[in-house]
Structure formats: structure tokens, C-alpha cells
Amino acid sequence: MPKEIHPYEVLRRPIVTEKSTLLAGVRQYVFEVAIGANKPQIKAAVEQAFNVTVQSVNTTMAHGRRRRNRFGKPAGEAPVYKKAMVKVAPGQTIEFFEGAQL
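Note that the structure is predicted; figures quoted are calculated from it, not measured.

A.B. asks: I tried to follow the pattern of salt bridges on my own but got confused; where do I start?
C.D. replies: Side chains that differ in sign of charge can pair as their charged atoms come close. As enumerated under the stated definition, the model contains 2 salt bridges in all. Two residues, Glu32 and Arg13, come together in a salt bridge whose shortest N-O distance is 2.6 Å. You can see Glu32 sitting in strand S2 (residues 28-33) and its partner Arg13 sitting in strand S1 (residues 11-14), a full 19 residues away along the chain. The class for Glu32 is buried, based on a relative accessible area of 15%. Measuring nitrogen to oxygen at the nearest pair gives 3.1 Å for the salt bridge that ties Arg66 to Glu77. In this pair, Arg66 is assigned in strand S4 (residues 66-68) and Glu77 in strand S5 (residues 74-77), connecting sequence segments 11 residues apart.

A.B. asks: Looking at this structure, how should I read the pairing of S5?
C.D. replies: If a strand is regular, its side chains alternate between the two faces of the sheet. Bridge analysis of S4 against S5 gives 3 bridges, and the strand direction is antiparallel. When the bridges of S5 are listed, Arg66 appears paired with Glu77. Here S4 folds back onto S5 in antiparallel fashion, the turn holding 5 residues, of which Gly72 has a positive phi close to 85°.

A.B. asks: How should helix H3 (residues 39-50) be read in this particular structure?
C.D. replies: Helical periodicity: at 3.6 residues per turn, an α-helix aligns residues three or four positions apart in one direction. For H3, spanning 12 residues, the distance from its first C-alpha to its last is 16 Å, which sits close to the expected 16 Å at 1.5 Å a residue. Taken residue by residue, H3 has Gln41, Ile42, Ala45 and Val46 as its buried positions. On an axial view of H3, the arc spanned by its buried residues comes to 130°, and they lie on one face. Looking at the buried side of H3, the elements it contacts are helix H1 (7-10), S1, S2, strand S3 (54-62) and strand S6 (81-88). Asn51 sits one or two positions beyond H3 and adopts a positive phi of about 55°.

A.B. asks: I tried to follow unusual backbone geometry on my own but got confused; where do I start?
C.D. replies: Only a minority of non-glycine residues have a phi that is not negative, and only a minority of peptide bonds are not trans. Despite not being glycine, Arg27 shows a phi value in the positive range, around 65°. Although it is not a glycine, Asn51 adopts a positive phi angle of roughly 55°. You can see Asn51 is positioned in the loop between H3 and S3.

A.B. asks: Looking at this model, I keep getting lost on the side chain of Lys82. Mind explaining?
C.D. replies: The topology assignment puts Lys82 in strand S6. Polar side-chain contacts of Lys82 include one of 2.6 Å to the backbone oxygen of Ala37. Leaving out residues up to four positions away in the same chain, Lys82 has contacts with Phe31, Glu32, Val33, Ala34, Ile35, Ala37, Thr59, Thr60 and Met61.

A.B. asks: Help me understand the sheet that holds S6, please; the structure alone is not making it clear to me.
C.D. replies: What the 4 strands build is an open sheet, ordered S1-S2-S6-S3; its pairing is antiparallel. This sheet does not close on itself; its edge strands, each paired only once, are S1 and S3. On average, each strand axis in the sheet is inclined to that of its neighbour by 35°, with strand direction left out of account. Bridging between S3 and S6 involves 8 bridges; their strand directions are antiparallel. Across the sheet, Val54 pairs through a bridge with Val88, a residue of S6. Packing against the sheet, H3 makes contact with S1, S2, S3 and S6, and its axis sits at approximately 120° to S3.

Conventions adopted
Residues numbered from 1 in each chain as written. Predicted model: local features only at pLDDT ≥ 70, side-chain atom pairs only at ≥ 80, totals over all residues. Heavy atoms only, no water. Salt bridge = Lys/Arg side-chain N within 4 Å of Asp/Glu carboxyl O. Helix = DSSP H or I, 4+ residues; strand = E, 2+ residues; numbered from the N terminus. Buried < 20%, exposed > 50% of the residue type's maximum accessible area, 1.4 Å probe, protein only. Pairing = 2+ DSSP bridges. Expected span 1.5 Å × (residues − 1). Arc of directions from axis to C-beta. Contact = heavy atoms within 4.5 Å. Polar contact = N/O pair within 3.5 Å; in protein donor to acceptor, adjacent residues only side chain to side chain. Axes fitted to C-alpha atoms, helices over the stretch in contact; angles between N-to-C directions.

As C-alpha cells, this is what we get:
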């Protein structure tokens, strides 16, 4: 049984990039989510926060790449985070993303 996470703690931030803005045209929205969150928890959090019907949820782990200093030595790593691509029902949108255009 997965650990229960409060729905407002599941969604961390929206990911607004060129690719995610194009995905918004086909009703898919990208969020950074809590690492321990599973797909049903993400679906419930998006439905509760934005009042939409979620059709599907795809998740992936984004691993940070190593950073190097000018001498080629490791200088640290970017953080690891989990991304969720959420597809909403036809005719519905998440208004938070509608202001960003290419």
C-alpha cells in the first residue's frame, strides 16, 4: 500500500517549456510531482485542484546530469524529480497554462 500524500502536496509546480506548451494544444499538461506519488494520487490531485476530468497520467523520473567545473572535475548534480504528463477530457482545459504561447 503506497504512503498517503495530501492532494495539495502531490503537485509541486507546472513545467512550462517549449515542448510542454505544444502538448497543451492536445490537452496534455506537464507537472513536477512528489517523488512518492503514484498515478491515482496524481489524477485525484489534478481533478481536485483544477476541476477537470483526467483521462490518463504518464509519469517519468527526470534524473539530474552531472555538472563540471572548468577543470573537468565534478561540481555537483542537478536534482532528481518526477514529471507527470496529464491528459484531460475533450473540451476541457487547465486555465493556468492558457496564458503561455509561442
